[in-house]
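Observations on the model geometry
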Amino acid sequence: MWNDTVNLFYYVLLFAIYCFLGWLLEVIYRSITQRTFVNPGFLFGPFIPIYGLGAFMVIVLQHIFQGWHFVPRFFVFGLAVIIMEYMAGFLSEKIFKLKLWDYSESRFNLQGHVCLHFSMIWTLLALIFVTFIHPEVLRQVALLNDVFTKTAAIVFMVYFWIDYTFSVMSLTAFRKAVAYIYEEYFNLSSVEIEDILKTFQRLREAFPDLNKYVNQNINRRIKSRLDSFLRPIYEKIVLEMEGRRPFEEEYYETIADILQHEEFLKLKDYFHHNSSIYHHVHDVAYLSYRISKYLKLDYRSTARGALLHDFFLYDWRNHDVPDLPRRKFHGLEHPAIAAANAKKHFSINDMEEDIIKKHMWPLTFIPPKYKESYIVSFADKYLSSKEFINEYKKRINRYREKKAHKRKKTNLRGD
Ligand SMILES: [Fe+2]
Ligand SMILES: [Fe+2]
């Protein structure tokens, strides 16, 4: 009887050691990649249970497939590792309604829970573990006396349940806080949202993908709510504007200082979508102005913010200035550049700054704070897609004309 219980405690101790080694591995990896000390895993203490469970699974597999060649063993281990990580990701998403890790941007991933690249690394680590680490740990643990093993295992079990209970409570509280933010987003200030999220700083550092998941959900909710509300208004106003140029004096008065500024006039020199940035921002500003006025919002700030939303003076497709964003990063970085330029040459208020900085939302994760910013962001997308389509049509027509011209020439020669 004594021996059986000692055996059980012995396994508990092994589990504790492997949870701790897993934690250590993650600390090293994460602290290096995130360039700051990170306490990984959802427990507060230095243990990650999935590593303990994984270690036991690998030990059992090694026992069964001991005599097998390395290659088939690699595949068996790989499959087991994939199933285990997938189940852990799937279950944590089902239970906590949160995605603790997300590989959806990696190639060959399965619903973001597993990806080929990391599964191969885990498999290799599993093989290294059973071949070198586990035998050595067994040797060391065998040297411990039974009383010590029993005491250490009991202390660990008590500690583990306490930590586990508090950690699950913390994760549940986080999920509730996130649900609250989803619902009350428009009634909360940025500071209030930041304060709520700050309470869960450790969890967000331990699972960086959690931020992305939360942001994406907030964005998706807001976007679908706004889409159904704004689209009919856009269509009505665009129809009204069809074929007409801006005529309101008030509109011109609001933006007069910007329109005359020599730095702003330089936007005429930069090609954008199908004309110049100057023409694009003008169209976005006028459409946004009309919609803001229709909705009885701050249409002056809307017009000014919209006019300055793409105030960047470089050709994003083609430039060789090292400090400016290249093609790929332009979408993410130009709002901040435009805001800096706007601040440098004009005095802009909070709303105008928000309009400029958030006009690429939801590409830039933090959602706008003002209704006016959403209007500009939608107007920009609405008109940009129209401009792209027009430019595309123009190019196709040009290509067709060229082809027809060529055909005519060869026909003439043939005659
Ligand atoms: Fe833009
Ligand atoms: Fe734009």
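Residues numbered from 1 in each chain as written. Chains lettered and ligands numbered in written order. Predicted model: local features only at pLDDT ≥ 70, side-chain atom pairs only at ≥ 80, totals over all residues.

1. Points about the overall build of the protein
Across its full length, the protein carries 15 helices and four strands. Taken over C-alpha atoms, the radius of gyration comes to 30 Å for the protein, far larger than the 22 Å a tight globule of 415 residues would show. Along the three orthogonal principal directions, the C-alpha set of the protein runs to about 95 × 70 × 40 Å. The buried share of the protein, taken over its 415 residues, is 27%. Of the contacts made within the protein by residues no fewer than 6 positions apart, 67% connect residues no fewer than 24 positions apart. (Helix = DSSP H or I, 4+ residues; strand = E, 2+ residues; numbered from the N terminus. Rg over C-alpha atoms; globule rule 2.2 N^0.38 Å. Buried ≥ 20, exposed ≤ 12 C-beta atoms within 10 Å, placed from the backbone. Contact = placed C-beta atoms within 7 Å.)

2. Quick notes on the packing of helix 2 (residues 49-64) against helix 4 (residues 116-142)
Between helix 2 and helix 4, whose axes approach to 10 Å, the crossing angle comes to 80°. Taken together, the axes of helix 2 and helix 4 lie roughly perpendicular to each other. In this structure, helix 2 contributes A55, V58, I59 and Q62 to the contact, and helix 4 contributes A126, F129, V130 and H134. Taken together, the residues of the contact of helix 2 with helix 4 sort by class into six nonpolar, two polar and no charged. (Axes fitted to C-alpha atoms, helices over the stretch in contact; angles between N-to-C directions. Parallel < 35°, antiparallel > 145°, perpendicular 65-115°, else oblique. Nonpolar A, V, L, I, M, F, W, Y, C, P; charged D, E, K, R; others polar.)

3. Some thoughts on the domain arrangement of the protein
Structurally, the protein comprises domain 1 (2-196) and domain 2 (225-389). Inter-centroid distance (C-alpha atoms) of domain 1 to domain 2 is 47 Å. (Domains from an automatic or database assignment.)

4. Some details on the nonpolar core
Buried together is how nonpolar side chains tend to be arranged in soluble globular proteins. With 36 residues, the main nonpolar core has Y18, C19, A126, L203 and L210 as its most contacted residues. Mapped onto this core, the elements with two or more residues apiece are helix 1 (2-34), helix 2, helix 3 (70-96), strand 2 (114-115), helix 4, helix 5 (146-184), helix 7 (201-206) and helix 8 (208-241). When residues of this core are assigned to their parent elements, the largest contribution, seven residues, is made by helix 1. Apart from residues lying up to four places away in sequence, Y18 is in contact with Y51, G52 and A55. Counting 32 residues, the second-largest nonpolar core is a separate cluster that includes L267, L287, Y299 and L307. (Core = buried A, V, L, I, M, F, W, Y, C linked by C-beta atoms within 7 Å.)

5. A look at the environment of P72
Tracing the chain through its elements places P72 in helix 3. Along the backbone, P72 and L14 are 58 residues apart, and their C-alpha atoms lie at a distance of 27 Å.

6. Looking at helix 12 (residues 299-307)
For helix 12, the tally of buried residues reaches nine of nine residues, placing the bulk of the element in the interior. Regarding helix 12, the residues found buried are Y299, R300, S301, T302, A303, R304, G305, A306 and L307.

7. Here we look at unusual backbone geometry
For residues besides glycine, phi is generally negative; the peptide bonds are generally trans as well. The phi torsion at Q111 lies on the positive side, around 50°, for a residue other than glycine. Structurally, Q111 is set in the loop between strand 1 (109-110) and strand 2. Even without being glycine, K296 reaches a positive phi, approximately 60°.

8. Structural notes on the environment of F156
Tracing the backbone shows F156 in helix 5. Its 20 C-beta neighbours within 10 Å are what place F156 among the buried residues. Put simply, F156 and A16 are 140 residues apart on the chain and 7.1 Å apart in space, counted from C-alpha to C-alpha. Once you skip the residues sitting within four places of it in the chain, F156 turns out to touch V12 and A16.

9. A closer look at helix 3
With 27 residues, helix 3 ought to run about 39 Å at 1.5 Å a step, and its terminal C-alpha atoms sit 38 Å apart, in line with that. For helix 3, the set of buried residues is F77, V81, I82, E85 and G89. As for helix 3, its buried residues are in contact with helix 2, strand 2 and helix 4. At the exit of helix 3 stands K97, carrying a positive phi of roughly 55°. (Expected span 1.5 Å × (residues − 1).)

10. Examining the environment of K223
Here K223 shows up in helix 8. Taking the C-alpha atoms as reference points, K223 and P367, separated by 144 residues in sequence, lie 9.5 Å from one another.

11. Focus on the packing of helix 9 (residues 249-260) against helix 12
Their axes nearest at 10 Å, the elements helix 9 and helix 12 cross at an angle of 40°. Relative to helix 12, helix 9 is oriented oblique. Judged by the twist between their axes, the crossing of helix 9 over helix 12 is right-handed. Note on element contacts: helix 12 touches helix 9 through R300, A303, R304 and L307, opposite Y251, T254, I255 and I258. Tallied by class, residues from the contact of helix 9 with helix 12 come to five nonpolar, one polar and two charged. (Left-handed = near helix turned anticlockwise from the far one by under 90°.)

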